[in-house]
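Listed below, chain by chain, are the residues.
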Amino acid sequence: MKNPLKLYDQFFSSRLLIGSALYPSPAVMDEAVKASGAEIITLSLRRQNPAQQEGQIIWKYIQEMGLQLLPNTAGCKTAQEAITLAEMSREIFQTDWLKLEVIGDDYNLQPDPYGLIDAASELIKRGFKVLPYCTDDLVVCQKLMDAGCEVLMPWGAPIGTGQGLLNKYNLKTIRERLPQIPLIIDAGIGAPSQATEALEMGYDAVLLNTAVAKAHDPVGMATAFKLAIDSGRLAYESGLMLKRQTAEPSTPTIGMPFWHQGQ
Amino acid sequence: MRNEISNMMALTININGETQAVNSSVLAELISELGYSGNQFAIAVNGEFVPKSTYTEFFLNQGDKVDIVAPIAGG
């Protein structure tokens, strides 16, 4: 790849950020993540008592991968909840990186833009590297940048829906109006072709989980997404042709035999 | 930091959503009492993060809500 992905002064060759949830087993998660080539992995924190082992097994696998950790604040509904969980994450995971989620609606898990901006402002003051999961709203994106976010993660579609890029007009507008900041499509990607489309549009990366974890063959799907994302980025860097309304022959017309003979 | 409670009577507090009586009034002791060990957990009391470095001097009060979290998979 010509240009590596730069996020908060770190460089990555992979443009796929991957989630660690919903896989059939920790071993399959491990194999799928490796097949994806991802260098950044999301994970979370939940209440657990000392007898619970499930989280510990997953955490052990993730630690051994040696990837950049991206803890999330999934499920938080207020800025204060997200801030507290962020501090807990930083202590356990020993990283300032944070996928900031403040959810405003239970039905479609839509981010609450007000809580999100409030939380982002405070967390950046506290030294966090905030990657906010936001809606495809240009002004919200601008406000998050004003708060100090150096990466934005607008949704393609609601989490876990696999609907792809639902509002391409909004997503294109954000890309055109904010040409400098890294933009990552977070959530809603269901098929590799949708990821390719995001990269072709100039989005810098894609974050996904369910599409790989819930595939019949998560390892195969992880590979498919890796190829799709590399392809989309290469296409973007190579410069896509402009669409036009009318046909134009790709084969030369000069020297065409039988020219006008049938008329 | 919180006010020290003078008597050491059993406390009734809420731990991860469940009300229970505990013997420890200091957070560091509570952790041992509950069976947590190692570094793979973090704590908030009444919605506020409590850094590990302050567990030994953090005193619990009746009715406190203690959240103890650990890593899990996430998207």
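Residues numbered from 1 in each chain as written. Chains lettered and ligands numbered in written order. Predicted model: local features only at pLDDT ≥ 70, side-chain atom pairs only at ≥ 80, totals over all residues. Heavy atoms only, no water.

1. A word on the confidence of the model for chain B
Working step 1: The predicted model of chain B has a mean per-residue pLDDT of 89, with 88% of residues at 70 or higher.
Working step 2: For chain B, per-element mean pLDDT is lowest for helix H1 (residues 27-34) of chain B, which scores 94, and highest for strand S4 (residues 48-50) of chain B, which scores 98. (pLDDT = per-residue confidence, 0-100. Helix = DSSP H or I, 4+ residues; strand = E, 2+ residues; numbered from the N terminus.)

2. Notes on the interface of chain A and chain B
One widely used convention gives an interface's size as the accessible area the parts lose upon coming together.
Working step 1: With 26 residues of chain A at the interface, the matching set in chain B holds 27 residues.
Working step 2: Across the chain A/chain B interface, buried area totals approximately 2,100 Å², and carbon plus sulfur atoms make up 60% of it.
Working step 3: For the chain A face of the interface with chain B, the top three residues by lost area are Arg 47, Met 88 and Glu 91 of chain A, together amounting to 30%.
Working step 4: Here chain A and chain B share two salt bridges between them.
Working step 5: In this structure, the connection of chain A to chain B is made through 15 residue pairs in polar contact (both at pLDDT 80 or more).
Working step 6: Residue assignment for the side of chain A that touches chain B shows that the elements contributing at least two residues are strand S4 (40-47), helix H2 (54-65) and helix H3 (79-93) of chain A.
Working step 7: When residues in the side of chain A that touches chain B are grouped by element, the largest group, seven residues, is from H3 of chain A.
Working step 8: The residue inventory of the side of chain A that touches chain B, partitioned by class, reads nine nonpolar, eleven polar and six charged.
Working step 9: Bridge analysis of S4 of chain A against strand S5 (residues 65-73) of chain B gives five bridges, and the strand direction is antiparallel. (Contact = heavy atoms within 4.5 Å. Buried area = accessible area lost by both parts, 1.4 Å probe. Salt bridge = Lys/Arg side-chain N within 4 Å of Asp/Glu carboxyl O. Polar contact = N/O pair within 3.5 Å; in protein donor to acceptor, adjacent residues only side chain to side chain. Nonpolar A, V, L, I, M, F, W, Y, C, P; charged D, E, K, R; others polar. Pairing = 2+ DSSP bridges.)

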